[in-house]
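Each chain, written out:
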Amino acid sequence: MNRFPVIIDCDPGVDDTAALLLASRMEELDIRAITTVAGNVGVDKTTDNAIKVRHAMGQDIPIYKGADRPMFRDAVTAEEFHGKDGFGGVEYPQEITNTVIGEESAWDAIYRIAKECNGELVIIAVGPMTNIGIALSKYKDLPKYIKRIVIMGGAAVGGNVTPSAEFNIYVDPESADMMFCCGVPVYMCGLDVTLKAYMTPEELDEIAALGTYQAKLFRDVMQNGLKKYLGWGFKGVALHDPAAVLYAVDDSIFETHHVGIRVETKGLLTAGKTVTDLYSDKQMEHNAYIVTNVDRDAFVEKVKSLMAKF
């Protein structure tokens, strides 16, 4: 097994919560830090939620608070989906003893840890890319210290916050475009694949039936989102962020294409759109990778096996 160092940059967030729980049971991941960013809710709440999930993970992982708004735009949140607390309205079931977070900003921690890892660091970014954008702006040599970036965000076709843009990219398109252009290989797990990485109500109940409070938390935080997805005609709730975490460890159950990706930052109707040449005769510089499909059955089994480790 090749264990590698990672930073998980996130905005918990219900599917961020699921992703962190799963990541904690992946022996391949040496989680050096959790960095928080404003996105699904404000950064104070995403940081509070990260503290809760760290407790559930059972690991003393440093947490560093990041950006409270996009680099150049007003803040946008997704409280309607994730709840005003960002935790799906679920009460955390246990007393939390460790509420300490690091004194560094997220972007400073990213740079320091990247240098310490001598070019082997992988960043898994499942929120808006603001912390990465700030780090790239402040530290011009950062790209040479990052091995790859795996993100949940974007889409080759369509969007969810607008008809053309996915939420994480839409919130801070300038930071996202900086990331795609920085020279580090970026692997984009967007809506093309994450909408296929869903779990049905029955499958979520199977997770909860494992009996641990982490398993029940996994199921409970997804319930509000599940209701919305079922109302939209889906068979289950999409596990957006968990898909990116699982991809970072094992891409064998996914379909990946080497493509060109940029982010629209000026468009009136298309701001935040990830523009790719996946389906285009006109080819761009192939600066990134897009994940388009997943073996859902294998994905669900992997989620179940990891949650059974608690």
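The residue numbers shown here count from 1 along each chain, following its written sequence. Only residues with pLDDT of 70 or above have their local features reported here, since the model is predicted, and side-chain atom pairs are shown and tallied only from 80 upward, although totals for entire chains, interfaces and linings are computed over all residues. Working from all heavy atoms in the structure, the side-chain values ignore hydrogens and water.

A. Inspection of the environment of F299 at higher detail. A run of H or I in DSSP becomes a helix once it reaches four residues, and a run of E becomes a strand once it reaches two; helices and strands are each numbered from the N terminus. As for its position among the elements, F299 is in helix 13 (residues 296–307). For F299, a relative accessible area of 0% translates into the label buried. F299 sits 52 residues away from Y247 along the chain, and the two C-alpha atoms are 9.7 Å apart. For this analysis, residues touch if any pair of their heavy atoms sits within 4.5 Å. Excluding anything up to four places from it in sequence, F299 contacts A197, L239, P242, A243, L246, I253, F254 and V294. Relative accessible area decides the class of each residue, using a 1.4 Å probe on protein chains only: under 20% of the type maximum gives buried, over 50% gives exposed, and in between gives partly exposed.

B. Structural context of the packing of helix 1 (residues 14–23) against helix 12 (residues 240–249). Orientation of helix 1 relative to helix 12, taken along the N-to-C sense of each, is 25 degrees, at an axis distance of 7 Å. When the axes of helix 1 and helix 12 are compared, the pair comes out roughly parallel. Crossing of helix 1 against helix 12: the hand is right-handed. Residue-level contacts link D15, D16, A18, A19, L22 and A23 of helix 1 to H240, D241, P242, V245 and L246 of helix 12. Residue composition of the contact of helix 1 with helix 12, grouped by class: seven nonpolar, one polar and three charged. Axis lines are fitted through C-alpha atoms, for helices just across the contact stretch, and the angle between N-to-C directions can take any value from 0 to 180 degrees. In this scheme, roughly parallel covers angles under 35 degrees and roughly antiparallel covers those over 145, while 65 to 115 is roughly perpendicular and the rest are oblique. For a crossing to be left-handed, the near helix must be turned anticlockwise from the far one by less than a right angle; the clockwise case is right-handed. Each residue is assigned to one class: nonpolar for Ala, Val, Leu, Ile, Met, Phe, Trp, Tyr, Cys and Pro, charged for Asp, Glu, Lys and Arg, and polar for all the others, Gly among them.

C. Spatial organisation of the packing of helix 5 (residues 130–138) against helix 7 (residues 173–180). Where helix 5 meets helix 7, the axes come as close as 8 Å, and the angle between the chain directions of the two elements is 60 degrees. In terms of their interaxial angle, helix 5 and helix 7 are classed as oblique. Considering how the two elements wind past one another, helix 5 and helix 7 form a crossing that is left-handed. The segment helix 5 lies against helix 7, with T130, I132, G133, L136 and S137 engaging S175, M178 and M179. When grouped by side-chain class, the residues that make up the contact of helix 5 with helix 7 number four nonpolar, four polar and no charged.

D. A look at the pattern of salt bridges. Criterion for a salt bridge: a side-chain nitrogen of Lys or Arg within 4 Å of a carboxyl oxygen of Asp or Glu. Evaluated as defined, the whole model comprises 15 salt bridges. Between D30 and R32 there is a salt bridge; the shortest N-O distance is 2.7 Å. Relative accessible area serves as the criterion here: at 31%, R32 is assigned to the partly exposed category. Residue R73 is joined to E174 by a salt bridge in which the shortest nitrogen-to-oxygen separation is 2.9 Å. Pair noted here: R73 is in the loop between strand 3 (63–65) and helix 3 (79–82) and E174 is in helix 7, with a separation of 101 residues, a long-range link. Judged by relative accessible area, which is 28%, R73 ranks as partly exposed. Assessed through its relative accessible area of 17%, E174 is described here as buried.

E. How the structure looks around the packing of aromatic side chains. Two aromatic rings, drawn from Phe, Tyr or Trp (for Trp, its six-membered ring), form a pair once their centres lie within 6.5 Å of each other, and the interplanar angle then sorts them: stacked below 30 degrees, edge-to-face above 60, tilted otherwise. Counted according to the given criterion, the structure contains nine aromatic pairs. Ring centres of Y187 and Y247 lie 6.1 Å apart, and the angle between their planes is 40 degrees; this geometry places the pair in the tilted category. One end of the pair, Y187, is in strand 6 (residues 186–189); the other, Y247, is in helix 12, with 60 residues separating them in the sequence. Note on accessibility: Y187 and Y247 belong to one class, buried. Ring plane angle 5 degrees and centroid distance 4.4 Å describe the contact between Y187 and Y289, whose orientation is recorded as stacked. Here the residue Y187 occupies a position in strand 6, and Y289 occupies one in strand 12 (residues 288–294), the gap between them amounting to 102 residues.

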